[in-house]
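Fold and geometry: a report
Each chain is listed here by its residues.
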Amino acid sequence: KQEVTQIPAALSVPEGENLVLNCSFTDSAIYNLQWFRQDPGKGLTSLLLIQSSQREQTSGRLNASLDKSSGRSTLYIAASQPGDSATYLCAVSRSSNTGKLIFGQGTTLQVKP
Amino acid sequence: NAGVTQTPKFRILKIGQSMTLQCAQDMNHNYMYWYRQDPGMGLKLIYYSVGAGITDKGEVPNGYNVSRSTTEDFPLRLELAAPSQTSVYFCASSYGQGRGETQYFGPGTRLLVL
């Protein structure tokens, strides 16, 4: 059974720091991995999607990497800003036929001015 | 485009009552999903659909039912509400199967069962 774990559960950093959020999964037979952002009381917004054949994806100050063999993904945030404060969730999909996602518990990030 | 819309935003139910959570999308997505999120936890899949007339169970389907009569709508039915169903419910959609797997989420329905 696929399990997705995100460590740490919470992280607080000063503005301007570069930071890394971690995601690990137990079954390397994934189809893709997605990173989402969730603001308090809101729905999820997709940040990056990495296909199983890819090693990384970039969008602005965000860079996500994928190492299938070791069951790990990282989300790198450069030059963090207070507006980056949110909960970040990773999720893996095993099949393109269904798109079903297995989510981690999330990492709550606070960026202090 | 409105994207994925959900109604109601918040609801209080008494134990044993029933209700339907509404979800609609205007992006012509084939795939639709219902998740629940308990406090401090990730999301768990309740039911999903890969097209009109096709639905299947996710990780936590007990106590819920769905239907998909149109591409746009995917309602979730709660029968005989229980306190364990207190949660935030999210609907999501995607093109699916090679056309785009990014899932787009609605704003959620917060449900309290007392």
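None of these values were measured; they are calculated from a predicted model.

A look at the environment of Ile-77 of chain A
If you trace the backbone, Ile-77 of chain A turns up in strand S8 (residues 72-77). Measuring from C-alpha to C-alpha, the distance between Ile-77 of chain A and Glu-56 of chain A comes to 13 Å, with 21 residues separating the pair along the chain.

A closer look at the sheet that holds strand S6 (residues 56-59) of chain A
All names here are of chain A. Strand order in the open sheet formed by five strands is S1-S3-S8-S7-S6, and the pairing between neighbours is antiparallel. Where the open sheet ends on each side, the last strands, each with one partner, are strand S1 (4-7) and S6. Ignoring which end each strand starts from, the neighbouring axes of this sheet average 15° apart. Strand direction decides the pairing type here: strand S3 (residues 19-25) and S8, joined by six bridges, are antiparallel. Its bridge partner being in S8, Ser-24 is matched across the sheet by Arg-72.

Side note on the nonpolar core
Counting residues in hydrophobic clusters, the biggest one holds 22 residues, and the most contacted among them are Phe-25, Leu-33, Trp-35, Leu-75, Ile-77, Tyr-88 and Leu-109 of chain A. Within the residue set of this core, elements represented by two or more residues are S3, strand S4 (32-38), strand S5 (44-51), strand S7 (62-67), S8, strand S9 (86-93) and strand S11 (107-112) of chain A. Listed in part, the 20 residues of the second largest apolar core include Met-19, Met-32, Trp-34 and Leu-78 of chain B.

Brief notes about the interface of chain A and chain B
On the chain B side, the residues contacting the 23 residues of chain A number 22 residues. Overall, the association of chain A and chain B removes approximately 1,700 Å² of surface from exposure, summing both partners, and the carbon and sulfur fraction of that is 53%. The three residues of chain A that bury the most area against chain B are Leu-44, Lys-100 and Phe-103 of chain A, which together make up 25% of that side's buried surface. There are zero salt bridges connecting chain A and chain B. For the interface between chain A and chain B, the tally reads two residue pairs in polar contact (both at pLDDT 80 or more). The set of elements that each furnish at least two residues to the side of chain A that touches chain B consists of S4, S5 and strand S10 (101-103) of chain A. Here the side of chain A that touches chain B is composed, by residue class, of eight nonpolar, 13 polar and two charged.

Rules used throughout
Residues numbered from 1 in each chain as written. Chains lettered and ligands numbered in written order. Predicted model: local features only at pLDDT ≥ 70, side-chain atom pairs only at ≥ 80, totals over all residues. Heavy atoms only, no water. Helix = DSSP H or I, 4+ residues; strand = E, 2+ residues; numbered from the N terminus. Pairing = 2+ DSSP bridges. Axes fitted to C-alpha atoms, helices over the stretch in contact; angles between N-to-C directions. Core = buried A, V, L, I, M, F, W, Y, C linked by side-chain atoms within 4.5 Å. Buried < 20%, exposed > 50% of the residue type's maximum accessible area, 1.4 Å probe, protein only. Contact = heavy atoms within 4.5 Å. Buried area = accessible area lost by both parts, 1.4 Å probe. Salt bridge = Lys/Arg side-chain N within 4 Å of Asp/Glu carboxyl O. Polar contact = N/O pair within 3.5 Å; in protein donor to acceptor, adjacent residues only side chain to side chain. Nonpolar A, V, L, I, M, F, W, Y, C, P; charged D, E, K, R; others polar.

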